[in-house]
Amino acid sequence: MASIGYYSLVALLGTALFATVMSVIGKVRNRKDMILSGERAALVSGGLLILSAISLFYSFLARDFSLQYVYNYSDRSLSFIYTISGFWAGNAGSLLMWAVFLGVFQLILILQNRRKNRDVMPWVIAIMSTQVTFFAFLLIFLDSTNPFAPVSLGYIPQDGQGLNPMLHNPGMYLHPPTTYLGYVGFGVPFAFAMAALISGKLSDMWIRTTRRWTIFAWFFLTIGNIVGAWWAYYTLGWGGYWAWDPVENSSFMPWLVGTAYLHSVMIQEKKGMLKIWNMALIILTFALTILGTLITRSGIINSVHTFSSSGLGPYLFAFLMLALGGGFGLLIYRLPDLKTENELDSIISRESMFLFNNLILLGIAFTTLWGTIYPFISEAVQGVKVTVGQPFYDQVSAPLGIALLFLIGFCPLIAWRRASLENLRRNFLIPLIASFAGFSTFLVMGLRHGGVLLTATLIVFVLSVIFMEFYRGTTARNRMTGEGLANSFVNLIWKNKRRYGGYMIHIGVAMIFVAFIGGPFKHTVEKSLKPGDAVNIRNYKVVFDGMRDLPRKNKLTVEATMSVFDKKSGKKLGVVKPQKDFFKETGSQPEQPWTRVAVRSTSREDLYFIFSPDEQGRELASFKIVVNPLMRWMWMAGFVMTFGTVIALWPDEGEKRRLASIYSREAVTSEV
Amino acid sequence: MKFKRWITVLVMMVLLLQGLSGTAMAVTVREVAGEFICNCGCNKGLAHCDMECGQSMRAFIKTKIDSGLGKAQIVAYLKENYGKEALAAPEKKGFDLIAWIMPFAVVFAGGIGVVKIMSSWIDRNDNDDDGDRDDNDSGDVRGDTKEAGMHDERIENELKDFVW
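Student: A description of the confidence of the model for chain B should follow, citing residues and the corresponding values.
Tutor: Residues and elements named next belong to chain B. Residues at a pLDDT of 70 or more form 58% of chain B, whose mean pLDDT is 73. Within chain B, the element-level pLDDT minimum falls on helix α6 (residues 142-162), averaging 54, and the maximum on helix α4 (residues 71-82), averaging 88. When the criterion is pLDDT under 50, residues 132-145 qualifies, and its contacts beyond four places in sequence or with other chains add up to 8 contacts. Under the prediction, the complex receives an ipTM of 0.84, its pTM being 0.88.

This is the structure in structure tokens:
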């Protein structure tokens, strides 16, 4: 079965290259037969990638330790679900996953565009297939990234080395696939943008065609980042969720620029403005997804996420340069055709607010990039590799984040072209009153931290703006159609899914800011305890009841039992059981301890336990207990943003009709 | 004048918030540890490292706090002993000041750029309007028609966005 996978990849190199060449030549010479051949070859590429993925899954499930990759990332004791996730646990498999997503997306694109976008599809296939060719090359020619390479021991081992304990977590089957779906998904709007630049079809058709793909990619990158944060919080056992680790940064940067793009394309759709800017943003977003991969896999940066150095760096760097050089080169070439007669009535308009929103998002992205590369700059100039960690990002990104939060609230209230005084008064009065009431309430409640007070007030502002948008829309619809209020509310959302789905996503973003403002009030206690000892933290009294050994198949789990009481009333609130796993020595891997935190979570705060038993006997254990205020809001935000995205992505008949009409107009124009 | 008034209000609010955030609190181990990374090579922030090295370092910081030293003194002591590589963020002096200034400088420059570009768009729009007025003066109603069309389009868009 493994050989089927390998030869599928070998064949893939041929079909992907063929698809690229035929599509280009076919388009240049206007040969429909060649274009069709290219398209079919791209479809075959998708099939070959799916076949090689099935082959690798099968090799994992069949415990085929004749493959180095299966040997490295699984063993016989591994459960079904983690055996499956072994697929993307290492460098080679995760690259194959990237290629598989690319191939499948390309396949879907071809099927979606059988009767539309025919002018640009050959270029889209050429761009997508170039990416597939690149990954096929890496998967075949580099030993370190070939998932089907034979084991290097000289014999077939009876058992594998097992999966890193850190990866024994539900995050493992959510975080990498969702993040990769995001990364690869941005390749679709990039391919259409490049196709538009090459073909000179520079209307906003490429934006409309890829709108759902962009939201899809953005959504999965969002979920990938949130699940990654959740995983870090529950698994890495340091009581936090985001460490501004270079690899976290590298998935945050394309998210930021992608978010800017997602907003600014609205101006092009509505006003025909910012054509150059949108092209630049999608090129940057795509390039940043490659940069993220380069950082993760080149070995230039040491991080919890990085794969062992694999020799991939130069290839990924070359690919990054090709994307940037090719993308911006084409953009410069087409500049005269992209220049639009942008007109604006006033700086106080929604268009300008979108631009400021873009500025802030790009400012945060630049800060993140700057913080990631500054250690190298410092080393080159001063000879000292300084660290750029949390304090830097807290102080630099936080003000920009607050500005962004303000714009999230401010933007929907401003009219297009020019906001009149009447417009400002009508739209801002209630949100401003609500914000002032919120500010006063927080002050009365004893909140004295300036940054938190400002952020909390802005959260009230944003939420009240969104509430008013829903309220005004619902009552207006109720008046105009005579529907009941509930029906008006539902139909309001249903008739404009994109807009109201977007507002729900903004509610999710506000909820993430709620979690942020808990940060400064985090409280930690570290103590060694004997069974029966108690420790007080904030409003809690925690009693260490005892600990026990739980022998498992591949590990020894030591579990502590802690009773949590309300400090004032003495009422028992519950029992938590933090654990420490000691994974048995397997193959060449020594025994590895791993922390399983226990969290007592409420919407007000998390009580977070990290436990380390005494290695000699079970007399004493050290605990780190953390009170993390408002943490649950971060995870709830993920659900709200998912809900909002589902609404925004839900098939829309009106949109379909509008698109069909534009497609037919464009077809007529191109025939003429 | 209005602009000045708004700036004054903004500055006062910032000062108020600064004042509020400046309310003194006793220095904690977390605050001091937050300024450093762990020196055992684990790359974690000192406040977060649960290895023995991190725990002993935090215990050391606690003894310094208990002995009455302030945050600045402890930070200076640790920096002297472990070098500036141990700091979790660049210092706000010397060459490293660039690290802090650069992001704000870029955003500021970007902001100026955005405002300039938008101003040019506004100017272009004003010029177009002037052109329309000239046409009107000579009895041509194209300007009115264009403006009416723009308003119709605007009303239509706003209504579409608002209800449907």
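Having seen the structure, we can now continue with the description.
Student: Talk me through helix α13 (residues 350-382) of chain A; I want residue IDs and the actual numbers.
Tutor: Residue and element names in this part refer to chain A. In this model, α13 (33 residues) spans 45 Å end to end at C-alpha, consistent with the 48 Å of a helix rising 1.5 Å per residue. A maximum bend of about 45° is found in α13 at I373, where proline P375 lies one to four positions downstream. Burial analysis of α13 places 24 of its 33 residues in the buried class, the great majority of the element. A positive backbone phi angle near 80° is found at G383, which sits one or two residues after α13.

Student: Break down the pairing of strand β10 (residues 621-629) of chain A for me, with residues and values.
Tutor: Residues and elements named next belong to chain A. A large share of β10 lies buried, amounting to 8 of its 9 residues. Summarising the sheet, strand β1 (residues 523-529) and β10 pair through 7 bridges and their orientation is antiparallel. Across the sheet, S528 pairs through a bridge with S622, a residue of β10. Pairing of strand β9 (residues 605-613) with β10 involves 9 bridges; the strand directions are antiparallel. Note that in β10 the partner of S612 across the bridge is S622.

Student: Which residues make up the packing of helix α6 (residues 121-141) of chain A against helix α8 (residues 187-199) of chain A, and what are the values?
Tutor: Residue and element names in this part refer to chain A. Between α6 and α8, whose axes approach to 8 Å, the crossing angle comes to 130°. Judged on the interaxial angle alone, α8 and α6 are oblique. Regarding α6 and α8, the two cross each other, and that crossing is right-handed. For the pair α6 and α8, contact is made by M121, W123, V124, I127, M128 and Q131 and by G187, V188, F190, A191, F192, M194, A195, I198 and S199, respectively.

Student: Which residues make up the pairing of strand β4 (residues 555-566) of chain A, and what are the values?
Tutor: Residue and element names in this part refer to chain A. Counting buried positions over the 12 residues of β4 gives 10, a clear majority of the element. Direction of pairing for strand β3 (residues 540-551) relative to β4: antiparallel, over a ladder of 11 bridges. Pairing of K541 across the sheet is with F565, part of β4. The hairpin turn running from β3 into β4, its antiparallel successor, is 3 residues long. Summarising the sheet, β4 and strand β6 (residues 579-583) pair through 5 bridges and their orientation is antiparallel. If you follow E559 over to β6, its bridge partner there is Q579. In this structure, the hairpin formed by β4 and strand β5 (residues 572-576) is closed by a connection of 5 residues, where G570 is found at a positive phi of approximately 80°.

So, how was this worked out
- Residues numbered from 1 in each chain as written.
- Chains lettered and ligands numbered in written order.
- Predicted model: local features only at pLDDT ≥ 70, side-chain atom pairs only at ≥ 80, totals over all residues.
- Heavy atoms only, no water.
- pLDDT = per-residue confidence, 0-100.
- Helix = DSSP H or I, 4+ residues; strand = E, 2+ residues; numbered from the N terminus.
- Contact = heavy atoms within 4.5 Å.
- Expected span 1.5 Å × (residues − 1).
- Bend = angle between axes of the 7 residues up to and from the residue.
- Buried < 20%, exposed > 50% of the residue type's maximum accessible area, 1.4 Å probe, protein only.
- Pairing = 2+ DSSP bridges.
- Axes fitted to C-alpha atoms, helices over the stretch in contact; angles between N-to-C directions.
- Parallel < 35°, antiparallel > 145°, perpendicular 65-115°, else oblique.
- Left-handed = near helix turned anticlockwise from the far one by under 90°.

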